[in-house]
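Breakdown of the fold
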Amino acid sequence: MNQFKRLRDAAISVLLLAVPFFVLSAHLRDPARTNAFDQWVLRATSGIQSVAASTARWVSDVLEEYVFLVEVGQDNERLRAQVARLEEERQRLRAEGLENRRLRSLLQLRERIGGDVLPAEVIGRDVSPFFRVTRIELDRGERDRVQPGMPVVGTRGLVGQVRRTFGHYCDVLLVVDRSSAVDVVVQRTGARGMLRGTGESERYMSRVQYLGREDAVRVGDLLHTSGLGQRFPASILVGRVSRIVRQDFGLWQEVEVTPAVDFSTLDEVLVLTEGSRAQSLEEAAEDADDEAPRVQEP
Amino acid sequence: MLLRNLAFLTLGFVLLVVQAAVASHVPLHPFTPNLLLPIVLYLGMQHESQMLRGAMISFLLGYLVDEFCGSPIGLQTFVLVATFMVAWGAGIRLWMRGLVFQLGLVFAVAMVAGGTILALRAIFSPPEAFPLSMPAESLAGEAVGLLVADAEAHPPLVGNVLGIALTLVASSLATALSAPLVFAMARRIDALRTRRRDAEGSPAP
């Protein structure tokens, strides 16, 4: 029995050695040179091979899926870092885009105003307890030939005028300051008045003085500089009428104006020097001359 | 016994998976170990186990390699079964000789196994399937090309021969260096079996 078992084991072992040998022979041989035995081996093993290949593929897929899942964590980390970097880049580009837009508007304003204008950047702000800007400083001063009284405009409208100048910087008196006075005209009606700042610390607000009761001003009307007084050029947007108080007595009506410029977000402005003001005043005078005959025509 | 056989098959499978995972991150070539060769050697050295079971496990491990690694069906199967037979027939007690002997033996067996693979491909493969211009990775292909191609039309290149030799040596070296770890795992499987047998045989407290 022991002898038989030994012989059986030996036979099976030889078979285990012979089977792969002949399978290998059949698989590696040139198809043109295969004999009947090779073809029989190929046929016999094809079924097993098919099942084994499917199993191997399935296991391989499962493992790949696992490896994929393992790598997903690493990918997440990498992608998170990438997202953070791209977000930062996006914010930077957005800021640059906004700056670009502001500068473009400023350039257009400069071309529109013409003459000698000086671009300047806001380098300092005084803020009220209610976080309202009460005073700004610009990076232009005496050395840039900036003088007190020169108008300062932003892309949205009139900011104020230079109050004091120093070597490399200057102080600006905002149109909402209590001591500011600008001669304005209501664009829709042509009514004139004097815009004075209220100096309120919790909001940006001005009032128009000396606006006749009979002037039909409406909320939402735009106010521009009139050009009179020769301090500010004409036709610079100053603000919008936000409230009107008409009383039954007196000559004037009380009109509140919200300035066109948001002083909290002001970064770049133009300082209108003497040349630009002179040119602007000349243009305003020409416009007035052109319009005069048309008014008389009817 | 069946559990032991399954444990060795599982070990072989896990080692293949680990090697594939490592290879996907770290380029191993030419130091590519054959991690299943030490298992087969271990089985061949265990004379208390039956020859037939060892041969069967070697057969299945070889088939596993052929199936998963894309080598021609039967190539690794034949080589691993043959390695087992030789190891079993030689009757060497691996554990008596120390680490250096183990490393040397595995290195020698890996070299012979690599040479056998080259020889088998040279015998069975048509020469045109293994052009001399094949990349260095196709070790067997280049060797066959050198052995059977028309020497006048395709003069053998010294660089190819050197590359094949270096790859063979590097691969065998990697197999030898990884062998102690594989042996330790295989010993652990046997130790578990022995402990279980002892526990079953011991009287209840």
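Residues numbered from 1 in each chain as written. Chains lettered and ligands numbered in written order. Predicted model: local features only at pLDDT ≥ 70, side-chain atom pairs only at ≥ 80, totals over all residues. Heavy atoms only, no water.

**Let's talk about the overall build of chain A**
Along its length, chain A carries three helices and twelve strands. The 298 residues of chain A split such that 34% are buried. Residue pairs in contact within chain A that sit at least 24 positions apart in sequence constitute 55% of those at least 6 positions apart. Taken as a whole, chain A presents about 18300 Å² of accessible surface, with 53% of it coming from carbon and sulfur. (Helix = DSSP H or I, 4+ residues; strand = E, 2+ residues; numbered from the N terminus. Buried < 20%, exposed > 50% of the residue type's maximum accessible area, 1.4 Å probe, protein only. Contact = heavy atoms within 4.5 Å. Areas by Shrake-Rupley, 256 points an atom, 1.4 Å probe, with all protein chains shown as cover.)

**Focus on the packing of helix α2 (residues 36-45) of chain B against helix α5 (residues 99-124) of chain B**
Residues and elements named next belong to chain B. Taken N-terminus to C-terminus, the directions of α2 and α5 make an angle of 115°; their axes are 11 Å apart at the nearest point. Classed by the angle they form, the pair α2 and α5 counts as roughly perpendicular. Considering how the two elements wind past one another, α2 and α5 form a crossing that is right-handed. Along the contact surface, α2 presents Leu37, Leu41 and Met45, while α5 presents Leu105, Val106, Val109, Ala110 and Ala113. Taken together, the residues of the contact of α2 with α5 sort by class into eight nonpolar, no polar and no charged. (Axes fitted to C-alpha atoms, helices over the stretch in contact; angles between N-to-C directions. Parallel < 35°, antiparallel > 145°, perpendicular 65-115°, else oblique. Left-handed = near helix turned anticlockwise from the far one by under 90°. Nonpolar A, V, L, I, M, F, W, Y, C, P; charged D, E, K, R; others polar.)

**Things to note about the pattern of salt bridges**
All names here are of chain A. By the definition in use, this model includes 20 salt bridges over all chains. In this structure, arginine 102 engages aspartate 267 in a salt bridge whose closest nitrogen and oxygen atoms are separated by 3.4 Å. Within this pair, whereas arginine 102 is found in helix α2 (residues 36-113), its partner aspartate 267 is found in the loop between β11 (252-259) and β12 (268-272), the two being separated by 165 residues in sequence. Of the residues examined, arginine 102 reaches a relative accessible area of 28% and is grouped as partly exposed. A relative accessible area of 29% places aspartate 267 in the partly exposed class. In this structure, the salt-bridge partner of arginine 243 is glutamate 256, at a minimum N-O distance of 3.2 Å. Of the two residues, arginine 243 is situated in strand β10 (residues 237-245) and glutamate 256 in strand β11; the sequence distance between them amounts to 13 residues. Residues joined by salt bridges that share partners form a network here, namely Glu200, Arg203, Arg207, Arg243, Glu254 and Glu256. (Salt bridge = Lys/Arg side-chain N within 4 Å of Asp/Glu carboxyl O.)

**Re the sheet that holds strand β4 (residues 158-165) of chain A**
All names here are of chain A. Sheet architecture is closed into a barrel: six strands sit in the order β1-β2-β5-β4-β3-β12, paired in antiparallel fashion. Between one strand and the next, the sheet's axes are offset by a mean angle of 40°, whatever the strand orientation. Pairing analysis gives five bridges linking strand β1 (residues 117-127) to strand β2 (residues 133-138), with the strands arranged antiparallel. Bridge pairing in β2 links valine 122 to leucine 138. (Pairing = 2+ DSSP bridges.)

**Focus: unusual backbone geometry**
Residue and element names in this part refer to chain A. Of note, arginine 145 is a non-glycine position whose phi angle comes to about 65°, a positive value. Topologically, arginine 145 is positioned in the loop between β2 and β3 (151-153). One non-glycine residue with positive phi stands out, namely serine 235, at about 70°. If you trace the backbone, serine 235 turns up in the loop between β9 (222-225) and β10.

**Topic: the sheet that holds β10(A)**
All names here are of chain A. In spatial order, the strands read β6-β7-β8-β11-β10-β9; together these six strands close into a barrel with antiparallel pairing. Strand-to-strand, the axes of this sheet are offset by a mean angle of 40°, without reference to chain direction. Across five bridges, the pairing between strand β8 (residues 206-212) and β11 is antiparallel. Looking at the pairing, valine 208 lines up with valine 255 of β11.

**Observations regarding the confidence of the model for chain A**
When pLDDT is averaged across chain A, the result is 82; 91% of the residues are at 70 or more. The low-confidence segment residues 291-298 of chain A (pLDDT under 50) makes zero contacts with residues lying over four places distant or belonging to another chain. (pLDDT = per-residue confidence, 0-100.)

**Looking at the environment of Ser179(A)**
All names here are of chain A. Here serine 179 shows up in the loop between β5 (170-174) and β6 (181-186). Each C-alpha atom, one on serine 179 and one on threonine 198, is 8.5 Å from the other, the two residues being 19 residues apart in sequence. A distance of 2.8 Å separates polar atoms of two side chains, one belonging to serine 179 and the other to aspartate 177. (Polar contact = N/O pair within 3.5 Å; in protein donor to acceptor, adjacent residues only side chain to side chain.)

**Examining the side chain of Ser58(B)**
All names here are of chain B. The residue serine 58 is located in helix α3 (residues 51-69) in this model. Take serine 58: its relative accessible area is 0%, and that puts it in the buried class. When residues no more than four places from it in sequence are discounted, the contact partners of serine 58 are Val40, Leu80, Val81 and Phe84.

**What about the pairing of β9(A)?**
As judged from the three bridges shared by β6(A) and β9(A), these two strands associate in the antiparallel manner. For Val186(A), the partnering residue across the bridge sits in β9(A) and is Leu223(A).

**Some remarks on the interface of chain A and chain B**
Counting from both sides, the interface comprises 28 residues of chain A and, opposite them, 27 residues of chain B. Both sides of the chain A and chain B interface together cover about 2300 Å² of buried area, and 77% of this is carbon and sulfur. Looking only at chain A, the three residues that lose the most surface to chain B are Leu16(A), Leu24(A) and Leu28(A), adding up to 27% of its buried area. Our count for the contact surface shared by chain A and chain B stands at zero salt bridges. The interface formed by chain A and chain B contains two residue pairs in polar contact (both at pLDDT 80 or more). Put simply, the parts of the chain that give the side of chain A that touches chain B at least two residues each are α1 (2-28) and α2 of chain A. In terms of residue count, the dominant contributor to the side of chain A that touches chain B is α1(A) (17 residues). Partitioned by chemical class, the residues of the side of chain A that touches chain B number 17 nonpolar, five polar and six charged. (Buried area = accessible area lost by both parts, 1.4 Å probe.)

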